[in-house]
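# Report on the structure
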Amino acid sequence: MNFAAQLFYSSYLSERLERLYSPRPAIKDCEENDPFWEREELRLGPGQPGGSYKGGLISNGTVTRRPTLIEPERLKDFGEEELLNGDVKVHDIRVVGSPEIRLMDPPKTRRLSEFRVVSRPPVQYLRFEDISAAAFRIQSGIQKTPCTYSRLSKQYGMEIYLKKEQLHYTGSVKERGVLYLLTSLTQEQQRKGVIVASDCNFSMAVAHHAVELKIPVFVIMPSCCSSPRLRIYRDYGAMVISYGSTGHDSQNHARHLAKENGYLYLEEDESAAYLAGLGTVGMEIYEQVSKLDAVVVPAAGQYGLLAGTAAAIKHLNSEILVIGIEPEGFPLLLQSLKTDGPIKGMHSNPNKKLYGDLMERSLGVNTFQLAKKLVDKVISVSEEDALVAMLRFQEFERSTVDTEGAMGLAAILAGQLPELRGKKVAVVVSSANMELELVRQCVDRALVLDERVSKFSVQLGEWPGDMAKLLDVLSREDVRLLDVCHRRHSDKSDLFKAKVECVVETRDKTQSAQLRKTLSERYPYLCWLDR
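Presented here is a report on the structure given in the accompanying data block.

Here is what the cut-offs are and how they apply
- Residues numbered from 1 in each chain as written.
- Predicted model: local features only at pLDDT ≥ 70, side-chain atom pairs only at ≥ 80, totals over all residues.
- Heavy atoms only, no water.
- Helix = DSSP H or I, 4+ residues; strand = E, 2+ residues; numbered from the N terminus.
- Buried < 20%, exposed > 50% of the residue type's maximum accessible area, 1.4 Å probe, protein only.
- Contact = heavy atoms within 4.5 Å.
- Areas by Shrake-Rupley, 256 points an atom, 1.4 Å probe, with all protein chains shown as cover.
- Pairing = 2+ DSSP bridges.
- Axes fitted to C-alpha atoms, helices over the stretch in contact; angles between N-to-C directions.
- Parallel < 35°, antiparallel > 145°, perpendicular 65-115°, else oblique.
- Phe/Tyr/Trp six-rings, centres within 6.5 Å; stacked < 30°, edge-to-face > 60°.
- Salt bridge = Lys/Arg side-chain N within 4 Å of Asp/Glu carboxyl O.
- Left-handed = near helix turned anticlockwise from the far one by under 90°.
- Nonpolar A, V, L, I, M, F, W, Y, C, P; charged D, E, K, R; others polar.
- Patch = residues over 30% accessible without salt bridge, like charges linked within 9 Å, V, L, I, M, F, W, Y side chains within 5 Å.
- Expected span 1.5 Å × (residues − 1).
- Core = buried A, V, L, I, M, F, W, Y, C linked by side-chain atoms within 4.5 Å.

The subject of this paragraph is the overall build of the protein. When you go through the protein residue by residue, the secondary structure sums to 18 helices and 18 strands. Here the protein, with 531 residues, has 45% of them falling under the buried criterion. When contacts within the protein are restricted to residue pairs at least 6 apart in sequence, long-range pairs at least 24 apart make up 72% of them. For the protein, the computed accessible surface area is about 30,800 Å², with 51% contributed by carbon and sulfur atoms.

What follows is the structure, given as structure tokens:
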């Protein structure tokens, strides 16, 4: 039933109900065959004169007509109706003709080569957002280390700012990455605990911060580890277990314990959380030093510090140079850049006392890609330059660092960065973990390398006063006598002669050169011993 028919049907019913319940004159029965719209009761307009109104309403004594909503002449538009038992039967009218429907043209087929393929950029392994999140997470557990102007700046012709990461509780920058790594673990893993098996800065940071976070931590060390180092781990609150005679034995035992008890075996790697924590160094340097030109970063170990710092610095200012420094005895990153891929199992022989377990480290694929993309220059420094840099730290900065922490300054004093003269440079001092006896040996060796400790031998006669004359010469030159050895009958051909060996210390290279000149003029049989 269409809308017009429904409207008429509702109007018709309302009239029927009103006539049923309102007083009206009798209505003559209509013929059965007459159409109902021709009835007199449905006509519009005033009543015919002289005729009686059928079906009208009475108002104020006057018979009125109720107007209909639809004119009878328009009823033919709605179809044929029949009055059957007071109901209306409606017949729908079929539409014979239908409008023509025009279909759209099919889409034009295009070749695959016509489409422009837009490749999505690859997901970055280490984003600046990750580093910012790490900085926010660790700010309550890691102190913001100073980045101060160095007294060595005028000596080397550049503004040097030292980022003193050795001032952390464990003496290493790796606390940043370790703390963010530990806080990123699930609650279930934190409840079970972690385990480490190497004596290095990473393990010390894990031992300290795991105890601070109430995470059970176990340290597996070989029997060759020194007692002072073991005492440090115990003082942090870790459970220390001695096992095996080598580092490989302790690592295998640690993996076995982790598998059996559900511990998480941690070792220094290139996880995103660890690198993001180390990258907070770059954020702090950028905030502390304005108008920075270059950042010099040690690149030993897992190279995470170099990759994370470069990611932060290059995001904040791509014009700042990032320079990586690695030891000459283990140039893993340099060789990897030459071969355009990380090298596995590099054969080298660095000094284990100075660089720890550096030979066991490896360069990960993600760390290599970050270094290749973001690091502007990588150079290597010799062991001798690193030792002299340690000496400079003690003399000018009144601080003790290890060889890894001194590598950045070693590259500057060795003259390998001439392009930084007159520039503002930040040098990251990464660590200062070295045993006291080894520090003493390094300082003694550095004094010799810096030509401030010299050793010579001279032949003297056995006449009284010859030894006193030599000591008088040394006294007039204002040098310090460290050791003297007087030997007689050293050679059968030198009768009535004595060989004297002296170890002296001078203020600098100038005084050392003056001493050599004076002694050479006085004693023709003088022999300077090699360093």
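It is worth spelling out the sheet that holds strand E5 (residues 147–149) at this point. Overall, mixed pairing links the six strands, which are arranged E5-E6-E14-E11-E12-E13 in an open sheet. What marks the edges here is a single partner per strand, and that holds for E5 and strand E13 (377–381). Averaged over all pairs of adjacent strands, the angle between strand axes in this sheet comes to 25°, irrespective of strand direction. The pairing of strand E12 (residues 321–327) with E13 spans five bridges and is classified as parallel. When the bridges of E13 are listed, Ile 323 appears paired with Lys 377.

Axis separation between helix H2 (residues 128–138) and helix H9 (residues 272–288) bottoms out at 8 Å; the angle between their running directions is 90°. In this view, H2 runs roughly perpendicular relative to H9, as classed from their interaxial angle. Contact with H2, carried on its side by Phe 128, Asp 130, Ile 131, Ser 132, Ala 134, Ala 135 and Ile 138, involves Ala 276, Gly 277, Gly 279, Thr 280 and Met 283 of H9 and no other residues of that element.

So, on to unusual backbone geometry. Located in the positive-phi region is Asp 340, a residue other than glycine, with phi close to 60°. Relative to the helices and strands, Asp 340 resides in the loop between helix H11 (332–339) and helix H12 (352–355). The class of Asp 340 is partly exposed, set by a relative accessible area of 49%. Despite not being glycine, Arg 398 has its phi angle at roughly 55°, a positive value. Tracing the chain through its elements places Arg 398 in the loop between helix H14 (383–397) and helix H15 (407–413).

Next up on the list: the packing of aromatic side chains. Counted by the stated rule, this structure contains five aromatic pairs. On the basis of an interplanar angle of 70° and a centroid distance of 5.6 Å, the ring pair of Tyr 149 and Tyr 161 is categorised as edge-to-face. Here Tyr 161 lies in strand E6 (residues 159–164) and Tyr 149 lies in strand E5, a separation of 12 residues in the sequence. For Tyr 149, a relative accessible area of 44% corresponds to the partly exposed category.

Turning next to the pattern of salt bridges. For the structure shown, the criterion picks out 23 salt bridges. Among the salt bridges present, the one from Glu 395 reaches Arg 392, with a minimum N-O distance of 3.8 Å. Here the residue Glu 395 and the residue Arg 392 both occupy positions in helix H14, the gap between them amounting to three residues, near one helical turn. Classification of Glu 395 by relative accessible area gives partly exposed; the value is 23%. Its salt-bridge partner being Arg 452, residue Asp 450 comes within 3.3 Å of it at the nearest N-O pair. Both residues of the pair, Asp 450 and Arg 452, belong to the buried class.

A word on the sheet that holds strand E10 (residues 264–265). On the basis of which strands lie adjacent, the open sheet formed by four strands has the order E9-E8-E7-E10 and parallel pairing. Bordering the open sheet on either side are strand E9 (239–242) and E10, each of which pairs with just one other strand. When strand E8 (residues 217–221) meets E9, the two strands line up parallel, connected through four bridges. Bridge pairing in E9 links Ile 220 to Ile 241. Against the sheet, helix H8 (residues 247–261) engages strand E7 (194–196), E8 and E10, with an angle of about 150° to E8.

We now examine the packing of helix H4 (residues 175–183) against H9. With their axes 7 Å apart at the nearest point, H4 and H9 run at an angle of 135° to one another. Classified by the angle their axes make, H4 and H9 are oblique. Handedness of the crossing formed by H4 with H9: right-handed. Side by side, H4 and H9 meet where Arg 176, Gly 177, Val 178, Tyr 180 and Leu 181 of the first sit next to Ala 273, Tyr 274, Ala 276, Gly 277, Leu 278, Thr 280, Val 281 and Glu 284 of the second. Residue classes in the contact of H4 with H9 are distributed as eight nonpolar, three polar and two charged.

A cluster of nonpolar side chains, contributed by Leu 471, Leu 481 and Val 484, occupies part of the molecular surface with about 210 Å² of accessible area. Relative to the helices and strands, Leu 471 resides in helix H17 (residues 466–476).

Our focus in this paragraph is H9. With 17 residues, H9 should reach 24 Å at 1.5 Å per residue; the first-to-last C-alpha distance of 25 Å fits that figure. H9 sits mainly inside the fold: 13 of its 17 residues count as buried.

Okay, the nonpolar core next. Looking at soluble globular proteins, one finds that nonpolar side chains tend to be buried together. Of all hydrophobic cores here, the largest spans 71 residues; its most connected members are Leu 182, Val 194, Val 206, Val 219, Leu 266, Val 295 and Leu 333. With residues near it in sequence (within four places) discarded, Val 206 still touches Val 178, Leu 182, Val 194, Val 196, Val 217 and Leu 266. One finds Met 407, Cys 442, Val 443 and Leu 447 within the second-largest nonpolar core, a separate group that totals 45 residues.

Below, the discussion takes up the pairing of strand E17 (residues 497–505). Of all nine residues that make up E17, seven are buried, and the element is covered over most of its length. Pairing between strand E15 (residues 453–461) and E17: nine bridges, direction antiparallel. Across the sheet, the residue bridging to Leu 460 is Ala 498, located in E17. Here strand E16 (residues 480–488) pairs with E17 via eight bridges, running antiparallel. Residue pairing in the sheet places Leu 481 in a bridge with Val 504 of E17.

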